[in-house]
Amino acid sequence: MPRIAYFGPQGTFTEQAALRFEGELVPVETIPLAFAALRKGETEFACVPIENSVEGAVPATLDALVRDEPVVAVAETVLDVRFSILVRPGTREIKTIASHPHALAQVREWIAAELPGVTSIATSSTAAAAAAVERGEFDAAVTAPVAVHHYALEEFAVDVLDVPDARTRFLLLAQPGQLPEPTGADRTSVVVTTPNRVGVLSELLTELALRGINLTGLESRPQKGKLGTYRFYIDVEGHIAEPRIGDALAALHRHSREIRFLGSFPKADHEPVEAHNDEFAAAAAWVDAVRKGERG
Ligand SMILES: O=C(O)C(=O)Cc1ccccc1
């Protein structure tokens, strides 16, 4: 059975996501440690959160994707997110509440209304907050619903969420060399650094638009130590095996200073992508025939 390093400890949302993939789950304490386990070959896969519908991209994941040796996404999954507030049995007063920053941000209004005046404390994960409450370090933790089964805590509140229908997307990462087959409902992800000149981002996006490629994600992160220069993370619908996607990535390569392929993999929603592959194949066949002098 392959091993999957996941952003743990036990009881995190990432564990819930990783359970959807087949493998032996290996908890590690941080997102960079999940990448390290994969890069060192201690596990075949790593499972990490990449973006949340309320809070946006997960910076630790974006940064780890470009650091060190390349890794690629081979699958994704999306979880509905709702939170439980866990406390030690018998807790009467809550003065401190701890969790992962993404979790705290998604229950900020609830905390302000229900627990006015409490101090919020960031921990490495939601489950790390539960463990800290168990040890008596804080009074309450904002956690995934399953965390109550892993820690000696009880539910103070359940189904807590400021914005209904919040969702988080997770990636299953592997070493390069594993390219999932195209399914007709795929996503491709790359990260580029561009030269600092007028219009370069619009040139990249035009290359996609010209080929009828749907952009599903665009994130920018500053290049460390170089204020004013950015890396762009670009997600599109389609698979690198499709000619129009391959073509577009080649065009992005021409426009960028650096480009890293982050994977082509089935989309979690399985919604088919309108690819116009037949039209692209017919056009390429026509050019071929013209070159050979067979057609005009
Ligand atoms: O800390 C966790 O449980 C995680 O897996 C990260 C996270 C935090 C908040 C929402 C979704 C994922």
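Everything numeric in this text was worked out from a predicted model, so none of it was measured.

## Quick look at unusual backbone geometry
Here is step 1: With an omega of 10 degrees, the peptide bond running from glycine 8 to proline 9 counts as cis.
Here is step 2: Looking at the element boundaries, proline 9 is found in the loop between strand S1 (3-7) and helix H1 (13-18).
Here is step 3: The phi torsion at aspartate 68 lies on the positive side, around 60 degrees, for a residue other than glycine.
Here is step 4: The topology assignment puts aspartate 68 in the loop between helix H3 (59-66) and strand S5 (72-80).
Here is step 5: A positive phi is found at histidine 270, a non-glycine position, where the angle reads about 55 degrees.
Here is step 6: Residue placement: histidine 270 occurs in the loop between strand S15 (258-266) and helix H9 (277-291).
Here is step 7: Of the residues examined, histidine 270 reaches a relative accessible area of 56% and is grouped as exposed.

## Structural notes on the sheet that holds strand S9 (residues 140-143)
Here is step 1: The 5 strands are arranged S8-S7-S9-S6-S10 in an open sheet whose pairing can be described as mixed. Strand pairing shows two members of the sheet lacking a second neighbour, strand S8 (119-122) and strand S10 (154-160), which therefore form its edges. Sheet twist, expressed as the average angle between the axes of neighbouring strands with direction ignored, equals 25 degrees.
Here is step 2: In this structure, strand S6 (residues 83-87) lies alongside S10, joined through 4 bridges in antiparallel fashion. Following the sheet pairing, phenylalanine 83 is matched in S10 by valine 160.
Here is step 3: Running at roughly 155 degrees to S9, helix H6 (residues 126-134) makes contact with S6, strand S7 (96-99) and S9 of the sheet.

## A look at the site of the ligand
Here is step 1: All residues adjacent to the ligand are Phe7, Thr12, Phe13, Thr14, His100, His102, Ala103, Ser125, Thr126 and Thr168.
Here is step 2: Threonine 14 places a polar side-chain atom, nitrogen or oxygen, 2.5 Å from an oxygen atom of the ligand.
Here is step 3: Take threonine 126: an N or O atom from its side chain is 2.4 Å from an oxygen atom of the ligand.
Here is step 4: Protein coverage of the free-state accessible area of the ligand, which is 320 Å², stands at 98%.
Here is step 5: A majority-of-atoms criterion places the ligand in the largest cavity.
Here is step 6: A per-class count over the shell around the ligand returns 3 nonpolar, 7 polar and no charged.

## So, the pattern of salt bridges
Here is step 1: If you walk through the whole model with that rule in mind, you get 18 salt bridges.
Here is step 2: Note that arginine 187 is salt-bridged to glutamate 76, the shortest N-O span being 2.8 Å. You can see arginine 187 sitting in strand S12 (residues 186-193) and its partner glutamate 76 sitting in strand S5, a full 111 residues away along the chain. Neither arginine 187 nor glutamate 76 differs from the other in exposure class; each is buried.
Here is step 3: For lysine 267, the salt bridge is made with aspartate 269, and the minimal N-O distance between the two is 3.3 Å.

## Quick word on the UniProt feature "domain: Prephenate dehydratase" (unreviewed entry) in the protein chain
Here is step 1: Mapped onto this structure's residue numbering, the UniProt feature "domain: Prephenate dehydratase" (unreviewed entry) falls at residues 3-175.
Here is step 2: Helix makes up 26% of residues 3-175 and strand 35%, with an end-to-end C-alpha separation of 13 Å.

## A look at the layout of surface pockets
Here is step 1: In this structure, the largest pocket encloses a volume near 240 Å³.
Here is step 2: The wall of the largest pocket is formed by Asp63, Val66, Arg67, Val191, Val192, Thr193, Gln223, Lys224, Arg231, Glu258, Ile259 and Arg260.
Here is step 3: Of all the elements in the fold, those that place two or more residues in the lining of the largest pocket are H3, S12 and S15.
Here is step 4: Of the residues that constitute the lining of the largest pocket, the class distribution is 4 nonpolar, 2 polar and 6 charged.

Thresholds, definitions, all that
Residues numbered from 1 in each chain as written. Predicted model: local features only at pLDDT ≥ 70, side-chain atom pairs only at ≥ 80, totals over all residues. Heavy atoms only, no water. Helix = DSSP H or I, 4+ residues; strand = E, 2+ residues; numbered from the N terminus. Buried < 20%, exposed > 50% of the residue type's maximum accessible area, 1.4 Å probe, protein only. Pairing = 2+ DSSP bridges. Axes fitted to C-alpha atoms, helices over the stretch in contact; angles between N-to-C directions. Contact = heavy atoms within 4.5 Å. Near = heavy atom within 4 Å. Polar contact = N/O pair within 3.5 Å; in protein donor to acceptor, adjacent residues only side chain to side chain. Areas by Shrake-Rupley, 256 points an atom, 1.4 Å probe, with all protein chains shown as cover. 1 Å grid on protein atoms, 1.4 Å probe; cavity = no way out; pocket = protein on both sides within 12 Å on 5 of 7 lines; lining within 4 Å. Sits in = over half its atoms within 2 Å of the grid points. Nonpolar A, V, L, I, M, F, W, Y, C, P; charged D, E, K, R; others polar. Salt bridge = Lys/Arg side-chain N within 4 Å of Asp/Glu carboxyl O. UniProt positions renumbered as here; feature names shortened; annotations may be inferred. Points joined across faces, edges and corners; volume = space filled by probe spheres on them.

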